[in-house]
Amino acid sequence: MTRHLYPFKRYSGNPILTRQDVPYPCNTVFNAAACKFNGQYVLILRIEDLKGRSHLTLGFSDDGYHFDICDAPWICPSSDPKYEVYERYGVEDPRVTRIGEFYYITYTAYGPYGPRVGIGRTADFKHFERLCLATEVDNKDAVLFPEKIGGTYVMLDRPSGSGFREGSIWIAYSPDLIFWGKATAILAPEPGWANSKLGVSTPPLKTDQGWLVLYHGVRETGGGNLYRIGAMLLDTQNPQQVVGYSSHFIFGPEDTYERIGDVPNVVFPCGIILEDDETVKIYYGAADTCIGLAEAKLADILGLCTVTKNP
Ligand code: BMA
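All of the points below concern the structure found in this document.

A word on the overall build of the chain
Within the chain, the secondary structure is distributed over four helices and 22 strands. For 311 residues, the compact-globule estimate of 2.2 N^0.38 gives 19 Å, and the C-alpha radius of gyration of the chain, at 18 Å, lies within 12% of that figure. With respect to the principal axes defined by its C-alpha atoms, the chain has extents near 45 × 45 × 45 Å. The burial tally for the chain puts 57% of its 311 residues in the buried class. Within the chain, residue pairs in contact and separated by at least 24 positions form 50% of the contacts whose partners lie at least 6 positions apart. Approximately 13100 Å² of the chain is accessible, and the part contributed by carbon and sulfur atoms is 48%. Of the charged side chains in the chain, 29 are positive and 37 negative, and the gap between their average positions amounts to 3 Å.

What to know about the site of the ligand
The local shell around the ligand consists of Asn31, Arg46, Asp93, Lys140, Tyr227, Val263, Val266, Phe268 and Asp288. Asn31 has a polar side-chain atom sitting 3.0 Å from an oxygen atom of the ligand. Between an oxygen atom of the ligand and a side-chain N or O atom of Arg46, the distance comes to 2.8 Å. For the ligand, whose unbound accessible area comes to 300 Å², protein coverage reaches 85%. In terms of residue class, the shell around the ligand is made up of four nonpolar, one polar and four charged.

Focus: the state of the cysteines
Counted by the stated rule, this structure contains zero disulfides. With no disulfide of its own, Cys70 lies closest to Cys76 among cysteine sulfurs, the gap being 13 Å. Here Cys270 is not cross-linked by a disulfide; its sulfur's nearest cysteine counterpart is in Cys35, at 13 Å.

Looking at the environment of Ser54
Here Ser54 is to be found in strand β4 (residues 54–61). Taking C-alpha positions, Ser54 is 21 Å from Pro159, a pair spaced 105 residues apart along the chain. At 2.8 Å, the side chain of Ser54 forms a polar contact with the side chain of Arg46.

Description of the pattern of salt bridges
Taken as a whole and judged by the stated rule, the model has 14 salt bridges. With its nearest N and O atoms 3.1 Å apart, the salt bridge here joins Asp141 to Arg95. Highlighted residues: Asp141 in strand β10 (residues 139–144) and Arg95 in strand β6 (residues 90–99), separated in sequence by 46 residues. By relative accessible area, which is 0% here, Arg95 ends up buried. Among the charged side chains, a network of salt bridges with common partners joins Arg10, Glu254, Asp255 and Glu258.

As for the pairing of β10
Taking burial as the measure, the six residues of β10 include five buried ones, the bulk of the element. As judged from the four bridges shared by β10 and strand β11 (residues 153–159), these two strands associate in the antiparallel manner. Note on β11: the bridge partner recorded for Leu144 is Met155.

What about the side chain of Thr57?
Looking at where Thr57 falls in the secondary structure, it is placed in strand β4. For Thr57, the side chain forms a polar contact with the side chain of Tyr24, separated by 2.7 Å. Setting aside residues no more than four positions away along its own chain, Thr57 makes contact with Tyr24, Leu43, Ile44, Leu45, Ile47, Ile69, Cys70, Ala72, Pro73 and Trp74.

Concerning the packing of aromatic side chains
Taken as a whole, this structure holds 17 aromatic pairs when the rule is applied. Ring centres 5.9 Å apart and planes at 35° place the aromatic pair Tyr86 and Tyr113 in the tilted group. You can see Tyr86 sitting in helix α2 (residues 84–87) and its partner Tyr113 sitting in the loop between β7 (102–111) and β8 (114–122), a full 27 residues away along the chain. Residue classification places Tyr113 among the exposed residues on the basis of a relative accessible area of 57%. One residue, Arg116, lies across the ring of Tyr86, its end atom 4.4 Å from the ring centre. Lying over the aromatic face of Phe249, Arg228 brings its terminal NZ or CZ to 4.2 Å of the ring centre.

Some remarks on unusual backbone geometry
For the bond running from Asn14 to Pro15, omega is -10°, close enough to zero to count as cis. The topology assignment puts Pro15 in the loop between β1 (9–10) and β2 (28–37). For the bond running from Val137 to Asp138, omega is -15°, close enough to zero to count as cis. One can find Asp138 in the loop between β9 (129–133) and β10.

Thresholds applied
- Residues numbered from 1 in each chain as written.
- Predicted model: local features only at pLDDT ≥ 70, side-chain atom pairs only at ≥ 80, totals over all residues.
- Heavy atoms only, no water.
- Helix = DSSP H or I, 4+ residues; strand = E, 2+ residues; numbered from the N terminus.
- Rg over C-alpha atoms; globule rule 2.2 N^0.38 Å.
- Buried < 20%, exposed > 50% of the residue type's maximum accessible area, 1.4 Å probe, protein only.
- Contact = heavy atoms within 4.5 Å.
- Areas by Shrake-Rupley, 256 points an atom, 1.4 Å probe, with all protein chains shown as cover.
- Lys, Arg positive; Asp, Glu negative; His and termini not counted.
- Charge placed at Lys NZ, Arg CZ, Asp CG, Glu CD.
- Near = heavy atom within 4 Å.
- Polar contact = N/O pair within 3.5 Å; in protein donor to acceptor, adjacent residues only side chain to side chain.
- Nonpolar A, V, L, I, M, F, W, Y, C, P; charged D, E, K, R; others polar.
- Disulfide = S-S within 2.5 Å.
- Salt bridge = Lys/Arg side-chain N within 4 Å of Asp/Glu carboxyl O.
- Pairing = 2+ DSSP bridges.
- Phe/Tyr/Trp six-rings, centres within 6.5 Å; stacked < 30°, edge-to-face > 60°.
- Lys NZ or Arg CZ within 6 Å of the ring centre and 35° of its normal.

This is the structure:
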């Protein structure tokens, strides 16, 4: 019963990465995108430097559990005048989606105007090409679908909104990954475990029941925010239709490295990998300080996406 309600099992070697594993001085290594490339596992790691600003660095692994982190940052705030002011305070919280030969990376560009979504791409995990800043401020937690749907590219994101519907999950469409429109709200906070904000965590996984998307829900408490994870299923052909979402959080901070750190009580997956069409691995930032790994059966997660009334 418990396993059914809380399908994820933590890797026994957690946390899999801490700042001790980073080959240069830094404060923390946490929210990381994940994918497979050339037979290896790749993590695009958010590293916060000693000044408190973030950049992205690559980590590689043969088995998905033991990663080597590169000696130097990969994506740093841009000096290109088109981007400079918007990335001045850091690049954060990457997600990666393979579309054809390219791996597209969505990230939070953070600058004096606030956070907004950047999109870039790579074909080789060496050269990184920025495509655009896809949204205005205040927006973050963007993920791309791995294929065009109805002839257009599709993105989920999280404009900040206001009032009780502050921090809802929205969908947008684009002919070319640059110009985005037809924005529509698809899932909003509700009283309960995620009463304050929602944001997409991991890029959509195509399943025979629809697109599986993990999202984080924030509960405001007297002791600070709690970041926990829910699951939702979106219709395969019409992804703005929520087929169902979980009635409760399916993963949350429990272990010490998730409870204690720079920001306590946070699990924040940005990376998801499906193994053998059966097992889901998530790579998650823990307490904004280190990285954990947990695994669940895909069928167990899908079985929890049963609620149908929102927004
Ligand atoms: C969110 C983002 C994440 C962070 C989380 C918890 O708003 O900034 O990068 O992990 O808060 O602090």
